[in-house]
Amino acid sequence: GESNPAYVTQRINQFIREYHLRLLELSTEEFESSVQSLISLKQEKLVSIDDEFGWHWAHINSDKYRFDKLESDIEHLKQLSKDDLLAFWDKYINKDTAKHYTRLDLQMWSAKIWQPTPEEFE
């Protein structure tokens, strides 16, 4: 459906705030369990030759040729801690602590919905 873009931006901001709180409340055991689940997901073997072809072709098509990326990702995940994730969050996502926080919101307004004036955005 059609939504007011200002409302969508407000919901994104709310999600970011609430997700940060969720990260803070996450126990070390829950974090490690989530990381292990992600590692297990990445370690799953491709089911068919078509899946394997698609995986290789995506790397070739992107001009990256990083066929060892999966193993590299898994090694990085094994070393990841909750403190690392929170430090990343504060450095790049938290607008109050990120040194070079930048965000670009593009809003497309439908002609069918009410549009606020510039003063109403402030």
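Refer to the preceding data block for the structure.
Since we're looking at a predicted model, the values are computed, not measured.

Criteria and cut-off values
- Residues numbered from 1 in each chain as written.
- Predicted model: local features only at pLDDT ≥ 70, side-chain atom pairs only at ≥ 80, totals over all residues.
- Heavy atoms only, no water.
- Core = buried A, V, L, I, M, F, W, Y, C linked by side-chain atoms within 4.5 Å.
- Buried < 20%, exposed > 50% of the residue type's maximum accessible area, 1.4 Å probe, protein only.
- Helix = DSSP H or I, 4+ residues; strand = E, 2+ residues; numbered from the N terminus.
- Contact = heavy atoms within 4.5 Å.
- Axes fitted to C-alpha atoms, helices over the stretch in contact; angles between N-to-C directions.
- Parallel < 35°, antiparallel > 145°, perpendicular 65-115°, else oblique.
- Left-handed = near helix turned anticlockwise from the far one by under 90°.

*Asks:* I keep staring at the nonpolar core and nothing clicks. Help me out?
*Replies:* Soluble globular proteins tend to bury their nonpolar side chains together. Formed by Leu 26, Phe 31, Val 35, Ile 39, Ile 74 and Leu 77, the largest nonpolar core amounts to six residues. Of all elements in the fold, only helix H2 (28-43) and helix H4 (69-79) reach the threshold of two or more residues within this core. By residue number, the principal contributor to this core is H2, which donates three residues. In contact with Ile 74, not counting residues within four places along its chain, are Ile 39, Lys 42 and Gln 43.

*Asks:* Got a minute to help me understand the packing of H2 against H4 in this structure?
*Replies:* Each pair of packed helices can be described by the angle between their axes along with the distance between the axes. One can describe the packing of H2 onto H4 by two numbers: an axis separation of 10 Å at closest approach and a directional angle of 165°. Considering the angle they form, H2 stands roughly antiparallel to H4. Of the two elements, H2 crosses H4, and the hand of that crossing is left-handed. Across from Val 35, Leu 38, Ile 39, Lys 42 and Gln 43 in H2, the residues of H4 making contact are Leu 70, Asp 73, Ile 74, Leu 77 and Lys 78.

The values reported here are purely geometric and, on their own, carry no functional implication.
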